[in-house]
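Coordinates in review
Listed below, chain by chain, are the residues.
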Amino acid sequence: MITATRVLYDIGWGILHYIIFYPPVYQFVIIPGLVAALVVVIFIIWFERKAAARVQMRYGPLEISPRTGGAPQLIADLVRYMMQEIIVPSAVDFMSYILAPNMSMILSLLPMVAVPMTSIPSYWPIPMSYSLLIAVALSTLSPIFVVMMSWASNSKFSVLGGLRESFIVVAYELIAVISLLSVVPLLHTFDLVTIVDYQFSGRWLGLLNPLALLDAFIAVLMSTSGFPFEIPDSESELVAGPYTEYSGLLYGLNMGGAYIRRWAFSVLIALVFLGGWAPYRPEPGIVLGYLVPSLIVVVKAVIIMAIMSFLRAVYGRYRLDQALSLAWEVLIPIAIAAFGLSVFEAFIGVHP
Amino acid sequence: MPARPSLKRVPRATFLGRAIAGNLGALIVGVKYFIDPNRITLLYPHEYIKLRQGYRGYIVLIFDKCISCASCARICPARAMKMVTMEVKDKKLNRAMKKKYPVINYNRCIFCGYCVDVCPTEALYHVPYHDLVYLNMQDMILNVEEFQKEPEFVTAKEGVPVTYVFDEKRGLVKVSVEESSNQGSSSQPAGGGGSS
């Protein structure tokens, strides 16, 4: 009898200790992962509406709770999305129609697997020798599902919209990859922890290589359909977008997936260019070693996302040809120039 | 002779000038309004535009002044105002007699104010508000008793009165009525619809 309870206790403790309180898991679930992403996404969407309203002489969401600036409005919107009926057209490929938005949402969080939040090895999700390369590679997976959504919709307008979206995918992936990897020749490493450790000297890579920072910023805006490049959303408002056949919560997943991808990229930019947890040196212990540095990174990433959201108030929408010509004619030369700048700085001996 | 307008020139000669000047200018304007917002949207039930006296709002009849001349019903271009016959007791002659009094149908009224203008004894007047809601269309056809009562201005209970003022630097600015009256004659109200 004693042995049976003992075994049950051991199993329960094992589940708690190795699944929930296992450090890599709560790194993936709690702080840069799912919970933090949802909180940040809700805050950023609210901020986006309020900032655009301030600039454009409006008020923004206010009616539900005027004292808090209408902050519960997004929860109300979420409830409304959840209540809405999901209409599945009879012609669609059912499995891929349902799976593609979910897979896109999940895979947009996947770069968090390779992102360290502290320099203490016991809190890393994976060993960190090629983490920057892995994070950049994983971030390129989720846009495939936009094309898959348009194909599964089985509507020629959606297929056209997905094709146009894939033009942008091809254009921005190159920019994002080159500009994020342009720190590599400067520091001779793919390891995000080493990259952050170098920036404790005060020489943030965003200051050493501002071209790469600017380029990565614009590429993230393009990839997550941020405002000047909000082409898939604007086509869905007509009937030519990749999400035209989607409704209800499935459409909400597309919108939220874009914001979560932007969150993952922002954490990556904060680590690579803005010093990560730079002013603070992690010490042993879960609070000092994991929570405080990760909160510093989160604050930096939220500031990046807020600047990206602020652009909604200023810019108008680009057409597809404008976005593509900006990508191929301006941003890719800038990305290559940023790479060259890194090589030059390595040549004159900036690197450690 | 009007002054020549001076156009602000943006350096658009080269590609770099175009890109940097255009984007930076837009961002600076955005940051300026983000820090110091100029919100001109009217939050309707919580704020309402204070209209001045003489605004052609709803029409009220003063029963004792009416001499049943029917000028108002004759001049009404929308045929909203009609005369109805009522049994009243005449004070001078001291006997019951039939007289005609105007009633109004707000389904048809276009608030032109001709009836108020033409009334020889000033028996009709406007109230300076116009945003009332009726539950059905039958309620919008008033009888003589209802026509004599001033309609209840419900918005004034909930909201604060505001008015729009033209500012040289910021353009149209929304201020509350007390502030605008403190500013005196330097600012002129620019909004408020067709205030006459």
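Residues numbered from 1 in each chain as written. Chains lettered and ligands numbered in written order. Predicted model: local features only at pLDDT ≥ 70, side-chain atom pairs only at ≥ 80, totals over all residues. Heavy atoms only, no water.

What follows deals with the overall build of chain A. Tallying secondary structure elements over chain A gives 16 helices and zero strands in all. A globule of 352 residues ought to have a C-alpha radius of gyration of about 20 Å, and chain A, at 22 Å, matches this closely. Over its C-alpha atoms, taken along the principal directions, chain A stretches across nearly 70 × 55 × 45 Å. Looking at chain A as a whole, 53% of its 352 residues are labelled buried. Long-range pairs, those at least 24 residues apart, make up 78% of the contacts in chain A with a sequence separation of at least 6. For chain A, the exposed area adds up to about 16000 Å²; of that, 74% sits on carbon and sulfur atoms. Positive and negative side-chain charges in chain A, numbering 17 and 20 respectively, have mean positions lying 8 Å apart. (Helix = DSSP H or I, 4+ residues; strand = E, 2+ residues; numbered from the N terminus. Rg over C-alpha atoms; globule rule 2.2 N^0.38 Å. Buried < 20%, exposed > 50% of the residue type's maximum accessible area, 1.4 Å probe, protein only. Contact = heavy atoms within 4.5 Å. Areas by Shrake-Rupley, 256 points an atom, 1.4 Å probe, with all protein chains shown as cover. Lys, Arg positive; Asp, Glu negative; His and termini not counted. Charge placed at Lys NZ, Arg CZ, Asp CG, Glu CD.)

Moving on: a nonpolar patch on the surface. Residues and elements named next belong to chain A. Taken together, L78, M82, I86, V88, F94, M95, L99, M103, I106 and L249 make up a surface patch of nonpolar side chains, about 880 Å² in accessible area. Looking at the nonpolar patch, the elements with two or more residues in it are α4 (73-83) and α5 (94-109). The element best represented in the nonpolar patch is α5, accounting for five residues. Examined against the element boundaries, F94 turns out to sit in helix α5. (Patch = residues over 30% accessible without salt bridge, like charges linked within 9 Å, V, L, I, M, F, W, Y side chains within 5 Å. Salt bridge = Lys/Arg side-chain N within 4 Å of Asp/Glu carboxyl O.)

A few words on the UniProt feature "transmembrane region" (unreviewed entry) in chain A. Residue and element names in this part refer to chain A. Mapped onto this structure's residue numbering, the UniProt feature "transmembrane region" (unreviewed entry) falls at residues 25-47, 105-124, 130-154, 166-187, 207-229, 263-280, 286-311 and 323-348. Within the segment residues 166-187, helix and strand shares are 91% and 0% respectively, and the terminal C-alpha atoms sit 33 Å apart. Regarding residues 323-348, the helix share stands at 100% and the strand share at 0%, and the terminal C-alpha atoms are separated by 36 Å. (UniProt positions renumbered as here; feature names shortened; annotations may be inferred.)

Okay, the nonpolar core next. A:L132, A:L205, A:W263, A:V267 and A:F273 are the most contacted members of the largest nonpolar core, which totals 97 residues. With 14 residues, the single largest contributor to this core is helix α14 (residues 249-272) of chain A. Beyond its immediate sequence surroundings of up to four residues, A:L132 is in contact with A:L180, A:L181, A:V183, A:V184, A:F190, A:L192, A:I195 and A:V272. If you look at the next biggest cluster of nonpolar residues, it comprises 33 residues, including B:V60, B:A70, B:C76 and B:F147. (Core = buried A, V, L, I, M, F, W, Y, C linked by side-chain atoms within 4.5 Å.)

Residue and element names in this part refer to chain A. With respect to the element layout, P121 can be found in the loop between α5 and α6 (131-139). Given a relative accessible area of 57%, P121 falls into the exposed group. The sequence separation of P121 and V193 amounts to 72 residues, and the corresponding C-alpha distance is 9.6 Å.

All names here are of chain B. This structure, assessed with the given rule, holds zero disulfides over all chains. The cysteine C72 is free of any disulfide, with C69 supplying the nearest cysteine sulfur at 6.1 Å. C119 takes part in no disulfide bond, and the closest cysteine sulfur, belonging to C69, lies 6.0 Å away. (Disulfide = S-S within 2.5 Å.)

Once that is clear, we can look at the packing of aromatic side chains. Summed over all chains, the structure comprises 15 aromatic pairs over all chains. With centroids separated by 6.0 Å and ring planes inclined at 70°, the aromatic side chains of A:Y243 and A:Y251 adopt a geometry described as edge-to-face. With respect to class, A:Y243 is no different from A:Y251; both count as buried. Here the aromatic residues A:F43, A:W46, A:F47, A:F310 and B:F34 are joined through ring pairs into a cluster of three or more. Stacked on the ring of A:Y81, the Lys or Arg A:R80 has its end atom at 5.1 Å from the ring centre. (Phe/Tyr/Trp six-rings, centres within 6.5 Å; stacked < 30°, edge-to-face > 60°. Lys NZ or Arg CZ within 6 Å of the ring centre and 35° of its normal.)

Residues and elements named next belong to chain B. Relative to strand β6 (residues 160-167), strand β1 (residues 47-49) is paired through three bridges, and the arrangement is parallel. Across the sheet, E47 pairs through a bridge with V160, a residue of β6. Pairing of β6 with strand β7 (residues 171-176), which is carried by six bridges, proceeds in the antiparallel orientation. Paired with T163 across the two strands is V175, which belongs to β7. (Pairing = 2+ DSSP bridges.)

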